[in-house]
Amino acid sequence: MDYHTFCFVLTIAIIGMVSAAVVPRPSLPTGDTNVPMNITADIILRDGYFLEQHQVTTADGYILTMFRIPGSPANPVRQGKNVAFLMHGLLSSSADYVISGPGRALAYLLVDAGYDVWMGNARGNTNSRRHIFRDPDARSTNFWDFSWHEIGYFDLPAMIDYTLAYTGHTSLHYAGHSQGTTSFFVMASTRPDYNKKIRSMHALAPVAFMSNLRSPFVRAFAPFVNQLEWIMSMLGVNEFLPSNEMMILGGQRLCEDESPFQEVCANVLFLIGGFNSPQLNRTMIPALLENAPAGASVNQLVHYAQGYNSGRFRQYDYGLTLNLIRYGSVRPPDYPLHRVTAPVALHFSDNDWLAAVSDVRELHSQLSNSIGLFRVSDPRWNHLDFVWGIDANTFLMVLSNSCRVLLALASVVALAQASTIRDVLAYRAGDGPQPTDISKLTAEIIVNDGYPVEEHQATTADGYVLTMFRIPGGPGNPPREGKNVAFIQHGLLCSSADWVILGPGKALAYMLVDAGYDVWLGNARGNTNSRRHIFHDPDARNTDFWDFSWHEIGYFDLPAMIDYALQYTGQTSLQYAGHSQGTTSFFIMTSLRPEYNQRIRSMHALAPVAFMSNLRSPFVRAFAPFVDQIDWLMRMLGVNEFLPSSDMMTLGGQMLCQDEALFQEVCANVLFLIGGFNSPQLNRTMLPAILANTPAGASVNQLVHYAQGYNSGRFRQFDFGLTLNLIRYGSIRPPDYPLDRVTAPVALHYGDNDWLAAVSDVRQLHSSIRNPIGLFRVSDPNWNHLDFTWGIDADSLLYRRVISFMDRYN
């Protein structure tokens, strides 16, 4: 948009705002809940649905109007219906959800599906222009002193509480569009007790992070937001684009069918949310402009512009001085999205100019209980199509047996807990959407093998959101209370999939379940399943997400996951098994946080790695002498992640490493060069499945830390260089881990041909811990580092012995 166009748009907007004081508005009287009061109500009655109008007063004095559609002639009113609450977007109102008419509008589709439907209206819009003290039309008024923060903090809780109290329910389904999603995330993060009142939340065109939006309107005025806010304040203009008779009349005259200006009206809408001409019913434009814009405060626009400028989802920026007074810091605080525990489905589209795909993905990465990301199949679907699109009803409904059935919203009744086997089974049977938030790489394996699976998240003290998979029972050993807990932790560049990939009767996780254990599979920060942080983005160019090694995995990740598993199961201690880095991190935890020794009944170290000076792996030996230079080069290039999981790796594994592929033996030999040669123990048919799960990603620092251990011959903390070591540790050398503080019973299982955990290094580790169960050699003389998780005979040569020892220590 050029400068002159922007000035013209801004001028029109200011004229519209100033005209708000010219056109009088009738006040909304209170009264019988069955009496319609405005355009929304007229539409509903015209369409033949039942209607009630309700008012609720917020804690800060705003009087909000809600419309309830409890039924229709075809779906009569009755007690006990599930409740669906709908919340509109910026400059809109409840009319958005009925304007498309029966069989098309979301509110009606929900009513027809058997829901008790309530539609909210945020403070300041056409239906909620009332306050117990303040006059919205006064020249100097505090009525408009709010942004969408207050809508989330006060309005939504007030309306949800009223709805639940009136219907006698304890929870409801929520669907919001645009600002209706923003305000939800404000509520659920700053008032987390409301998460329990949400069965499922459906975010249509979700807006939280905004740095990648394409709307020329926002991009044009965002750089000048502080100046525009000051000008508006000086002019005494606090309301932005109110509904008025001039706007309604203009919409009717200029945008009606056969008007030469109708296409201009259409393109104004496209410039806001994205172009998608086939989805806009031009005949509806006058009706749309009768309901939108419905009014908003200037601060709502300013708050969004601040989000675009900062790239953060955070509270309103009042300026340095007022921020210090309000927040105690010069910058506003970020909304703590990790506290949003309600099940959330994010519905997005490729051509949404206000909710960019990358921004939606960032939001998804920060939610602790996401149902998943769901893309609208139309590649041109834009921001406004979610409420006004001609085919929105097909987006909102699913097909089953050639008959239209429940809405996407209704289908999520069974998906309220996306972490159970029922979700995946329903998806496989064609009775529900793919539960994308369950990792297909671990959970799908478990489900395919006939075991129940749960997904759990634990947040570390330094903000990483970790995913654990729980297998509480099996086909012959159903879940029950009081089972002994076994926790298993993967190695470097691996994931929880390692413990199930061999299948029933062979994989350690299944063998433990069949032996009666409640099995939990951990995932370290940065791997496929744990790429989330409450603040940092793992995919950003300059990010602190990857600023960790396996030290932090031991100090933060393992304690967080173990505490969660024990608290969830009601146990006070558990059995632990780890492979490679899963042993390294264990020794960090129990040496630096020795209180965790009491929570370990016995620990089984498979291919234990602590001391490394005698390893034989050519990969480590080749790059270790140059580790400082490699570390520096990676930092200069902005490369912080090492071998992330990718579609290329998965596809390569499928194409190059499958049976009868010419390169299959090359794939096998790459693995042998890492951990040692043992051809008879590698099931080549499994190579595509292995490479779909490994490598699973790690930080460069994890590799660097191991190389430092090889160079120094010590098991010690990360070496940051002389200066930073002095600052961090008070000495020019990093301190050794105090292994004498490891008092948990530890069994060390090793192999003669392990190129990463040499026998002499394992013996040195054994001599350094205080309570070893013993050293246990795998009888196969060719047993290598990777055979501990993928070996064909791992069940008979290793896992049975591990389980036998665990049983002794229960």
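As the structure is a prediction and not an experimental result, all values here were calculated from the model.

## Description of the overall build of the chain
Turning to step 1, where the next piece is worked out: Tallying secondary structure elements over the chain gives 31 helices and 24 strands in all.
Turning to step 2, where the next piece is worked out: Considering the chain as a whole, with its 810 residues, one finds that 60% of them fall into the buried category.
Turning to step 3, where the next piece is worked out: Restricting the contact set of the chain to residue pairs at least 6 apart, pairs at least 24 apart contribute 74%.
Turning to step 4, where the next piece is worked out: Carbon together with sulfur atoms contributes 56% to the accessible area of the chain, which is approximately 31800 Å² in total.

## Description of the nonpolar core
Turning to step 1, where the next piece is worked out: Membership of the largest hydrophobic core comes to 104 residues, with the highest contact counts inside it found for I471, L521, F586 and F587.
Turning to step 2, where the next piece is worked out: Here this core takes 7 residues from helix 20 (residues 550-569), the largest share from any one element.
Turning to step 3, where the next piece is worked out: In contact with F586, other than residues within four places in its own chain, are L558, Y576, I600, M603, A744 and V746.

## Notes on the packing of helix 20 against helix 27 (residues 700-712)
Turning to step 1, where the next piece is worked out: In contact at an axis separation of 8 Å, helix 20 and helix 27 are set at 105° when each is read in the N-to-C sense. The angle between the axes of helix 20 and helix 27 places the two elements in the roughly perpendicular class. Contacts between helix 20 and helix 27 pair W550, H551 and I553 from the former with Q702, H705 and Y706 from the latter.
Turning to step 2, where the next piece is worked out: Its residues assigned to classes, the contact of helix 20 with helix 27 comprises 3 nonpolar, 3 polar and no charged.

## Focus: the pairing of strand 7 (residues 198-204)
Turning to step 1, where the next piece is worked out: With 6 of 7 residues buried, strand 7 lies mostly within the body of the structure.
Turning to step 2, where the next piece is worked out: Direction of pairing for strand 6 (residues 172-177) relative to strand 7: parallel, over a ladder of 6 bridges. By the bridge assignment for strand 7, H173 is matched with S200.
Turning to step 3, where the next piece is worked out: Direction of pairing for strand 7 relative to strand 10 (residues 344-348): parallel, over a ladder of 4 bridges. Counterpart to L204 in the pairing with strand 10 is H347.

## Quick notes on helix 13 (residues 357-366)
Turning to step 1, where the next piece is worked out: Burial within helix 13 is extensive, with 7 of its 10 residues counted as buried.
Turning to step 2, where the next piece is worked out: Within the sequence span of helix 13, burial applies to D359, V360, E362, L363, H364, S365 and Q366.
Turning to step 3, where the next piece is worked out: In this structure, the buried residues of helix 13 make contact with helix 5 (179-190), strand 10, strand 11 (370-375) and strand 18 (532-533).

## Observations regarding the packing of aromatic side chains
Turning to step 1, where the next piece is worked out: Under the counting rule described, the total for this entry stands at 45 aromatic pairs.
Turning to step 2, where the next piece is worked out: One aromatic cluster in this structure is built from W148, F209, Y304, F313 and Y335.
Turning to step 3, where the next piece is worked out: The ring of Y318 carries the charged tip of R326 above its face, separated from the ring centre by 3.9 Å.
Turning to step 4, where the next piece is worked out: Between R525 and the ring centre of Y464, over which it is positioned, the NZ or CZ distance is 3.9 Å.

## Here we look at a nonpolar patch on the surface
Turning to step 1, where the next piece is worked out: On the surface, F619, L662, F663, V666, V670, L673, I674 and F677 cluster together into a nonpolar patch covering about 750 Å² of accessible area.
Turning to step 2, where the next piece is worked out: For the nonpolar patch, the element with the highest residue contribution is helix 25 (residues 664-675), accounting for 4 residues.
Turning to step 3, where the next piece is worked out: Take V666: it is sitting in helix 25.

## Comments concerning unusual backbone geometry
Turning to step 1, where the next piece is worked out: For A205, which is not a glycine, the phi torsion comes out positive at approximately 55°.
Turning to step 2, where the next piece is worked out: If you trace the backbone, A205 turns up in the loop between strand 7 and helix 6 (216-221).
Turning to step 3, where the next piece is worked out: Of note, the phi angle at A607 is positive, near 55°, even though the residue is not glycine.
Turning to step 4, where the next piece is worked out: Position of A607 relative to the elements: it lies in the loop between strand 20 (600-606) and helix 22 (618-623).

## Here we look at the pattern of salt bridges
Turning to step 1, where the next piece is worked out: Per the counting criterion, the structure on display carries 20 salt bridges.
Turning to step 2, where the next piece is worked out: For the salt bridge of R470 with D518, the shortest nitrogen-to-oxygen distance reads 2.7 Å. Of the two residues, R470 is situated in strand 15 (residues 464-471) and D518 in strand 17 (residues 518-521); the sequence distance between them amounts to 48 residues.
Turning to step 3, where the next piece is worked out: The buried category is assigned to R470, whose relative accessible area is 11%.
Turning to step 4, where the next piece is worked out: A salt bridge links R525 to D557; the nearest nitrogen and oxygen atoms lie 2.6 Å apart. Here D557 lies in helix 20 and R525 lies in the loop between strand 17 and strand 18, a separation of 32 residues in the sequence. Per residue, the accessibility class of R525 equals that of D557, and both read buried.
Turning to step 5, where the next piece is worked out: Salt bridges here are not isolated pairs; linked through shared partners, they connect E52, R68 and D116.

## Notes on the side chain of R532
Turning to step 1, where the next piece is worked out: With respect to the helices, strands and loops of the structure, R532 is situated in strand 18.
Turning to step 2, where the next piece is worked out: The exposure class assigned to R532 is buried, which follows from its relative accessible area of 9%.
Turning to step 3, where the next piece is worked out: Those residues in contact with R532 that sit more than four places away from it in its chain are H364, S365, Q366, L367, S368, N369, Q457, G463, Y464, V465 and F545.

## Quick notes on the environment of G474
Turning to step 1, where the next piece is worked out: Looking at the element boundaries, G474 is found in the loop between strand 15 and strand 16 (485-489).
Turning to step 2, where the next piece is worked out: On the accessibility criterion, G474 (11% relative accessible area) is buried.
Turning to step 3, where the next piece is worked out: When the C-alpha positions of G474 and L512 are compared, they lie 9.9 Å apart, and in sequence the two are 38 residues distant.

## Focus on helix 5
Turning to step 1, where the next piece is worked out: For helix 5, which comprises 12 residues, the first-to-last C-alpha distance of 16 Å matches the rise-based estimate of 16 Å (1.5 Å per residue) to within 8%.
Turning to step 2, where the next piece is worked out: Extensive coverage of helix 5 is indicated by the burial of 11 of its 12 residues.
Turning to step 3, where the next piece is worked out: Along helix 5, the residues classified as buried are Q179, G180, T181, T182, S183, F184, F185, V186, M187, A188 and S189.

Procedures and definitions
Residues numbered from 1 in each chain as written. Predicted model: local features only at pLDDT ≥ 70, side-chain atom pairs only at ≥ 80, totals over all residues. Heavy atoms only, no water. Helix = DSSP H or I, 4+ residues; strand = E, 2+ residues; numbered from the N terminus. Buried < 20%, exposed > 50% of the residue type's maximum accessible area, 1.4 Å probe, protein only. Contact = heavy atoms within 4.5 Å. Areas by Shrake-Rupley, 256 points an atom, 1.4 Å probe, with all protein chains shown as cover. Core = buried A, V, L, I, M, F, W, Y, C linked by side-chain atoms within 4.5 Å. Axes fitted to C-alpha atoms, helices over the stretch in contact; angles between N-to-C directions. Parallel < 35°, antiparallel > 145°, perpendicular 65-115°, else oblique. Nonpolar A, V, L, I, M, F, W, Y, C, P; charged D, E, K, R; others polar. Pairing = 2+ DSSP bridges. Phe/Tyr/Trp six-rings, centres within 6.5 Å; stacked < 30°, edge-to-face > 60°. Lys NZ or Arg CZ within 6 Å of the ring centre and 35° of its normal. Patch = residues over 30% accessible without salt bridge, like charges linked within 9 Å, V, L, I, M, F, W, Y side chains within 5 Å. Salt bridge = Lys/Arg side-chain N within 4 Å of Asp/Glu carboxyl O. Expected span 1.5 Å × (residues − 1).

Don't take any of this as a statement about function, it's just geometry.
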